[in-house]
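An overview of the molecular structure
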Amino acid sequence: MDISHIISSLNEPQRLAVTSEADRLLVLAGAGSGKTRVLVHRIAWLIQAENHSPFEILAVTFTNKAAAEMRYRIEDLLNIPVSGMWVGTFHGLAHRLLRTHWQDAKLPQSFQILDSDDQLRLIKRIMKEQGIDDARIPPKQVQWYINHCKDEGRRADHIEEFDMIAKWQLQIYHSYEDACQRGGMVDFAELLLRAHELWLHNPKLLKHYQERFRHILVDEFQDTNTIQNAWLQLLTTGTTNKMTIVGDDDQSIYGWRGARIEHIQEFDRDFPNADIIRLEQNYRSTGVILAAANSVIRKNESRLGKELWTEASDGDLITVYAAFNELDEARFVAEQIQNWVDDGNSRSEVAILYRSNAQSRVMEEALLRCSIPYRIYGGLRFFDRAEIKNAMSYLRLVEYRNDDTAFERVVNVPPRGIGNRTVEKVREVARDEGSSLWSAAMKVAEEKLLPARAANAIKDFVALINLLDESTQGLALSEQAEHVIESSTLLAHHKNEKGEKGQTRVENLKELVSACQQFGSEVELEGDQSLLSAFVDHAVLESGEGQADEFEDSVQLMTLHSAKGLEFPTVFMVGVEQGLFPSRMSIESLDKIEEERRLCYVGITRAMKHLTICYAESRRLYGKETLNRPSQFLREIPKETMQEVRVNTSVVRPTTFTAGGTNESSVTEHDGVFYEIGQQVRHSTFGEGYILNCEGSGPRARIEVNFDLEGNKWLMAQYAKLEIL
DNA sequence: CTCTACGAATTTTTT
DNA sequence: ATTCGTAGAG
C-alpha cells in the first residue's frame, strides 16, 4: 500500500513524530506548528503503515469539536471510515465506560448526568436543608470546592479539614455525594473520578482496556487535571501499549479550573523514558508577530523552552493604538475593519479578542453603528438555555419519572400554583419514604397531605406528565418533543412573554425539535439505551454552539480563552491594560501572572498577518470610570516590532509605555535590589502590597505599590525600604 | 403563591 | 451597567 502521502507533506520533526516508535512520546508543539496535523497523520500512519486496527487506538481531546474534527480529518486522509476507533473527550470516554460497566461502577443503569447548573441547584437545596447560611458560604464556592476535590481525585471520606469554613464545605460535600448516589446522579467531575475508580478497583477490566488500546494519543495535554492524568497513568503503566501526548506548556491557560501545567512539564517523571520532539517551525504568522510572541513568553520562568521560527517574511509591524477611552477604542477598531473590508477582504478573516466578556458590548455597538456583521463566540450555549433545559426536563420526566433533577426544575414551570411550600412538603415525604420526588408527589396528591388547592395542583401535574407519556407512545423523538413542548404549555408560556425574549425562546424551542430530528437520523445507539435517553446525555455532554448565523461573512468576537486553537489573518487585541489584562485578580501572584502571559502569547499567535493591540487610558467598567495603565505585557514586546498609531493627537497623556517623557519600565533597581512589576512587597507602615509600576533607577527610582489596606502609592525606593516577599 | 422592587456582585470555560 | 437572587407586599 502506498503510504508516502501520509508523510510526504511533513517537515522533519513532524515526520519524526508521526513515525516514532517510542513507547512514550511527548510532542511539544508550538502555536501554529501543525499540532493537529501531526496527531492526525500519526494515527493514519499507525493504521496504514503499522497495520494497527482502528479498534486498537484511543484518542483523547478536550472538546467535542476537536474530537469531531480529528475523526473527520483522519477519515479524509485515509479515505476509509474508522468507526472502531475511540475518539472523544475525557468526559465522553468516561461516560461511555460508565454506561457499559454501570454495575461495576456501582451506578444504577439509569444514571443521569448533572450539568453544572443542575449541580449548583442541588448544592443550594442541600445547604438549605442543612440550614447553612448561603450568605456566609456562597453555593458557588461550595460547588468549586467539590469539583476541585474531585478533580484532585479526593472523595469526601478521604478528606480532613481544620478550617471552619472548609469543615462546612466538606460536610456539604458528604451530603452531596450521598444525594447523588441515592438519586443516581453523576456530575462532570464524577464521570472522571468514577471511571478512574472503575479501573482502579477492577484489575480485570483495566487489563482488558490496557490490552485493547495499543496506542493512546492525547491532545492538549497541558490542560489535563490530576484525575485525568491518573487515569492515563492507570491505562499505561506496566503495559506495552504506547502513548503519544501532544501539547504546549506555553499555551496552558486553564490552571484556574484545575489543569496542571506540571503534567506536561514533568512528563518524563510520570511516564519514564519519554522521547521529546519539539515542533518549532511556525506556518501561521509573520516574523514580526513571532518575534513579539517569543519575546513575551520568554519572560516566564518555568517553561520547557521553545522558540518559534518561520520561513515567512517579517511582514507588517504590530500596530499599537492608545485610545482615549473604551468608546474610542471600539470606534478605532470598527474603522480599521471597515478599511480592511473596503480593500476587498472578508470580515470572517478578522477577530477581535478581549480578556473578559464584559468588553464585548462596546465593540458590538461600534460594529453595529458601522453596519459590520459580527458573531460572538461563547456565551450561553444552546442546551444551556433555560427554555431548552425546561423542555428537556419534561422529556426526561416522560422517559423516567424518578428523575428528581427534572422534577424540581419543571414542577412549577410554567407557574401552575405549586409554590415553595408545596414542593417542600413533597421533598419531605420523599425523604421520609426514601423515594423519588415523583412517587412522593403521587402520595401527596392521593392522601391529601396538603390543602385541597395545592394537592390538586400536584395532581394535575402528575396527570399532565402521564398524559404526555401516553399520547407520545410510538412517536418519533422529534414528534415527541414537539408534542411535549406544545402540550406542557411551555410554548404558550413563552409566547406570552413580553418583548423580544419570548420570541427567541419560541424559536429556540422549534430549534430543539429539529435538533431531535437530526439526532435521530445520525446517532447509532449502543446497547439497549433508548433514543431519548441518548439524546438527554448528548444534550448535557455537548451543549452545542452558542450562536447560529455562522454562514454570513462576519467579524469574530471572542475572549482570548476561546480563541485558543484558532487563527485569523487580522487580529485585534483590545483592552490590553494593567488590571484588565492581566486581570486584577491575577496581579498579585507570579503563577497567575505567568498564566496571563501565556494567554497573551496565545492571543498574539492567533494572528497570521496583521496584529493590532489597543488599550484605553480611561475605561468605564461596571458603571465606574477607571484609569488604567498599558499592560505590562506591552512592555515585553520588542519596540522595533511595533508602531504606534495616534489618531487623537490632542490628548495629552502623562505616561506612555514608550520612552518619551518618563522612563517607566517593568523593572528598576536601587542599591542592588531589583524591583519588578507584580512583585509582592512589605512596607513598614503601609503593610503588604504588590508593585504596579517602576520609574527611573538608582537614587531616583520610584515605585508605585498597591497596598492591600492603603491603596496605590508612589514611593521613592531610596526611602521606602521595601521588603520583597 | 406570584409578582415587583431593591440590593449585591461582576475573569477566563468545557465537560 | 446589568444581571441575578431574595425579600416583602399583593
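We now turn to the structure provided with this report. (Residues numbered from 1 in each chain as written. Chains lettered and ligands numbered in written order. Predicted model: local features only at pLDDT ≥ 70, side-chain atom pairs only at ≥ 80, totals over all residues. Heavy atoms only, no water.)

**As for the sheet that holds strand 7 (residues 242-247)**
Basically, it comes down to this: At least two bridges found by DSSP between two strands is the condition for calling them paired. Counting from the N terminus, the helices are the DSSP runs of H or I reaching at least four residues and the strands are the DSSP runs of E reaching at least two. Only the stretch in contact is used when fitting a helix axis, every axis being a line fitted to C-alpha atoms; angles between N-to-C directions are given from 0 to 180 degrees. Note on contacts: a residue pair is in contact if any heavy atoms of the two residues lie within 4.5 Å.
Here six strands make up an open sheet; going across it, the order is 3-2-6-7-1-8 and the pairing parallel. Taken across any chain shown, the strands that pair with only one partner, and hence form the sheet edges, are strand 3 (86-89) and strand 8 (274-279). Each neighbouring strand pair of the sheet contributes to a mean axis angle of 15 degrees, computed without reference to strand direction. Where strand 2 (residues 57-61) lies against strand 6 (residues 215-218), four bridges are found, and the strand directions are parallel. Counted as the bridge partner of Ala59 is Leu217 from strand 6. Sheet strands touched by helix 2 (residues 12-19): strand 1 (24-29) and strand 8. Its angle to strand 8, the strand with the most contacts, is close to 150 degrees.

**Structural notes on the packing of aromatic side chains**
Put simply, the test is: Each Phe, Tyr or Trp ring (for Trp, its six-membered ring) is paired with any other whose centre lies within 6.5 Å, and the angle between the two planes then decides the class: stacked below 30 degrees, edge-to-face above 60, tilted in between.
If you walk through the whole model with that rule in mind, you get 17 aromatic pairs. For the ring pair Tyr321 and Phe332, a centre distance of 3.8 Å and an interplane angle of 10 degrees mean the geometry is stacked. Residue Tyr321 is found in strand 9 (residues 318-325), and its partner Phe332 is found in helix 15 (residues 326-342); the two are separated by eleven residues along the sequence. Members of the aromatic cluster, joined through ring pairs, are Phe62, Trp86, Phe90, Trp199, Tyr209, Phe213 and Trp231.

**Side note on the protein's contact with DNA strand B**
What counts is decided by this rule: Whether a residue is near a molecule or strand is decided by its heavy atoms; if any one of them lies within 4 Å of it, the residue is near. Any pair of N or O atoms that falls within 3.5 Å is considered a polar contact. Within protein, one atom must be able to donate a hydrogen and the other to accept it, and sequence-neighbouring residues count only if both atoms are side-chain atoms. Here the term charged refers only to Asp, Glu, Lys and Arg, the term nonpolar to Ala, Val, Leu, Ile, Met, Phe, Trp, Tyr, Cys and Pro, and the term polar to all other amino acids, Gly among them.
Among the 29 residues in the neighbourhood of DNA strand B, the closest are listed as Asn64, Arg355, Asn357, Arg381 and Thr559. One of the side-chain N or O atoms of Trp256 is found 3.4 Å from a base oxygen in DNA strand B. Element by element, the count of residues in the surface near DNA strand B is highest for helix 19 (residues 420-433), at three residues. Residues of the surface near DNA strand B, tallied by class, amount to eight nonpolar, 16 polar and five charged.

**Structural notes on the side chain of Asp328**
Heads up, the condition is: Burial here depends on accessible area, computed with a 1.4 Å probe over protein chains only, as a share of the maximum for the residue type. Under 20% is buried, over 50% is exposed, and the range in between is partly exposed.
Locating Asp328 in the fold gives a position in helix 15. Classification of Asp328 by relative accessible area gives buried; the value is 7%. Polar side-chain contacts of Asp328 include one of 2.8 Å to the side chain of Tyr321. A distance of 2.8 Å separates a polar atom in the side chain of Asp328 from the backbone nitrogen of Phe324.

**A few points about the protein's contact with DNA strand C**
In the vicinity of DNA strand C, the contacting residues are Asp134, Arg361 and Tyr622. Each atom of DNA strand C within 4 Å of the protein was assigned to sugar, phosphate or base; sugar and phosphate come to 38%.

**Points about the environment of Ser252**
You can see Ser252 is positioned in the loop between strand 7 and helix 12 (262-265). The class of Ser252 is buried, set by a relative accessible area of 1%. When the C-alpha positions of Ser252 and Glu433 are compared, they lie 49 Å apart, and in sequence the two are 181 residues distant. Sequence-distant contacts of Ser252, that is, excluding residues within four places in its chain, are made with Gln222, Asp223, Ile261, Glu595 and Arg598.

**Here's the deal with the packing of helix 5 (residues 90-100) against helix 9 (residues 188-201)**
As a reminder, the rule being used: Any angle that is under 35 degrees is reported as roughly parallel, and any over 145 degrees as roughly antiparallel; angles of 65 to 115 degrees are reported as roughly perpendicular and all others as oblique. Crossings are assigned a handedness: left-handed for a near helix turned anticlockwise from the far helix by less than a right angle, right-handed for a clockwise turn.
Here helix 5 crosses helix 9 at 55 degrees, and the two axes come no closer than 9 Å. Here helix 5 lies oblique to helix 9, going by the angle between them. For the pair helix 5 and helix 9, the sense of crossing is left-handed. Here Phe90, His91, Ala94, His95, Leu97 and Leu98 of helix 5 come into contact with helix 9, specifically with Phe188, Leu191, Leu192, Arg194, Ala195, Leu198 and Trp199. Class assignment of the residues belonging to the contact of helix 5 with helix 9 gives a composition of ten nonpolar, two polar and one charged.

**Focus on the pairing of strand 12 (residues 555-559)**
Buried residues dominate strand 12, accounting for five of its five residues. A two-sided burial pattern is seen for strand 12, the buried positions comprising Val555, Leu557 and Thr559 on one face and Gln556 and Met558 on the other. Here four bridges tie strand 10 (residues 350-354) to strand 12, and the two strands are oriented parallel to one another. Bridge pairing links Leu353 to Met558 in strand 12.

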